[in-house]
Amino acid sequence: MSDFFNRVYEFVKQVPKGKVTTYGGVARAIGAPRASRQVGWALHCNPQPGVIPCHRVVFRDGSLTDGFAFGGRDVQKAMLLNEGVAFIEEYKVDMQKHCITNK
């Protein structure tokens with residue numbers, strides 16, 4: 001596994017329940033600000049779905065991805081709702097309340 005993937009996983013493990021971050025937020029946090037697509041690929045390849053909470057990573061506007069690797073956006077939404085994350089539209093997280101890195 002690459003150092004980049006490991007840095008993504010280590011950062012995403014730190015996102016607390018009830019909070020989300022963005023692909024770009026992860027990229028900036030690990031020192032690769034132009035690598036948001038690569039962050040998405042790393043999360044798609046998540047080797048530990050129960051340990052690395054990739055469901056807590058969303059698009060910068062709060063939208064969920066259609067390609068959530070572990071069951072689709074309905075599963076991702078259910079996981080986030082279970083953690084207390086609020087939505088402002090059917091598949092859009094309330095970023096004002098829940099995002100830790102969307103700057």
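All of these numbers come straight from a predicted model, not from anything done at the bench. (Residues numbered from 1 in each chain as written. Predicted model: local features only at pLDDT ≥ 70, side-chain atom pairs only at ≥ 80, totals over all residues. Heavy atoms only, no water.)

Digging into the overall build of the protein chain
And then number 1: Helix and strand content of the protein chain: five helices and four strands.
And then number 2: Seen in sequence order, the protein chain has helices and strands lined up from the N terminus as α-β-α-α-β-α-β-β-α.
And then number 3: Relative to the globule expectation of 13 Å for 103 residues, the C-alpha radius of gyration of the protein chain, 12 Å, shows essentially globular dimensions.
And then number 4: With the C-alpha coordinates aligned to their principal axes, the bounding extent of the protein chain is approximately 35 × 30 × 20 Å.
And then number 5: For the protein chain, the share of sequence-separated contacts (at least 6 apart) that also reach a separation of at least 24 residues comes to 60%.
And then number 6: Accessible surface, the protein chain as shown: approximately 5800 Å² in total, 49% of it carbon and sulfur.
And then number 7: For the protein chain, the distance from the average site of its 14 positive side-chain charges to the average site of its 9 negative ones is 6 Å. (Helix = DSSP H or I, 4+ residues; strand = E, 2+ residues; numbered from the N terminus. Rg over C-alpha atoms; globule rule 2.2 N^0.38 Å. Contact = heavy atoms within 4.5 Å. Areas by Shrake-Rupley, 256 points an atom, 1.4 Å probe, with all protein chains shown as cover. Lys, Arg positive; Asp, Glu negative; His and termini not counted. Charge placed at Lys NZ, Arg CZ, Asp CG, Glu CD.)

Examining the layout of surface pockets
And then number 1: In this structure, the largest pocket encloses a volume near 460 Å³.
And then number 2: Tyr-23, Ser-36, Arg-37, Gly-40 and Phe-59 are the residues nearest the centre of the largest pocket, which is lined by 22 residues in total.
And then number 3: Breaking the lining of the largest pocket down by element, the ones donating at least two residues are α2 (23-29), α3 (36-44) and β2 (57-58).
And then number 4: Broken down by element, the residue count for the lining of the largest pocket peaks at five residues, all from α3. (1 Å grid on protein atoms, 1.4 Å probe; cavity = no way out; pocket = protein on both sides within 12 Å on 5 of 7 lines; lining within 4 Å. Points joined across faces, edges and corners; volume = space filled by probe spheres on them.)

Points about the packing of aromatic side chains
And then number 1: Within this structure, the stated rule accounts for three aromatic pairs.
And then number 2: Taking the centre distance of 6.1 Å and the plane angle of 75 degrees together, the rings of Phe-5 and Tyr-9 count as edge-to-face. Of this pair, Phe-5 and Tyr-9 both sit in helix α1 (residues 3-13), four residues apart, which is roughly one turn of that helix. An identical accessibility class is assigned to Phe-5 and Tyr-9; each is buried.
And then number 3: Here the basic side chain of Arg-73 rests over the ring of Tyr-91, its NZ or CZ set 3.8 Å away from the ring centre.
And then number 4: One Lys or Arg, Lys-77, reaches over the ring of Phe-87 and ends 5.2 Å from the middle of that ring. (Phe/Tyr/Trp six-rings, centres within 6.5 Å; stacked < 30°, edge-to-face > 60°. Buried < 20%, exposed > 50% of the residue type's maximum accessible area, 1.4 Å probe, protein only. Lys NZ or Arg CZ within 6 Å of the ring centre and 35° of its normal.)

Side note on the pattern of salt bridges
Pairing of side chains with opposite charge becomes possible as their charged atoms draw close.
And then number 1: According to the stated counting rule, one finds five salt bridges in the structure shown.
And then number 2: Glu-83 is the partner of Arg-56 in a salt bridge, and the nearest nitrogen-oxygen pair spans 2.8 Å. Of the two residues, Arg-56 is situated in the loop between α3 and β2 and Glu-83 in the loop between α4 (73-82) and β3 (87-89); the sequence distance between them amounts to 27 residues.
And then number 3: Owing to a relative accessible area of 7%, Arg-56 belongs among the buried residues under this scheme. (Salt bridge = Lys/Arg side-chain N within 4 Å of Asp/Glu carboxyl O.)

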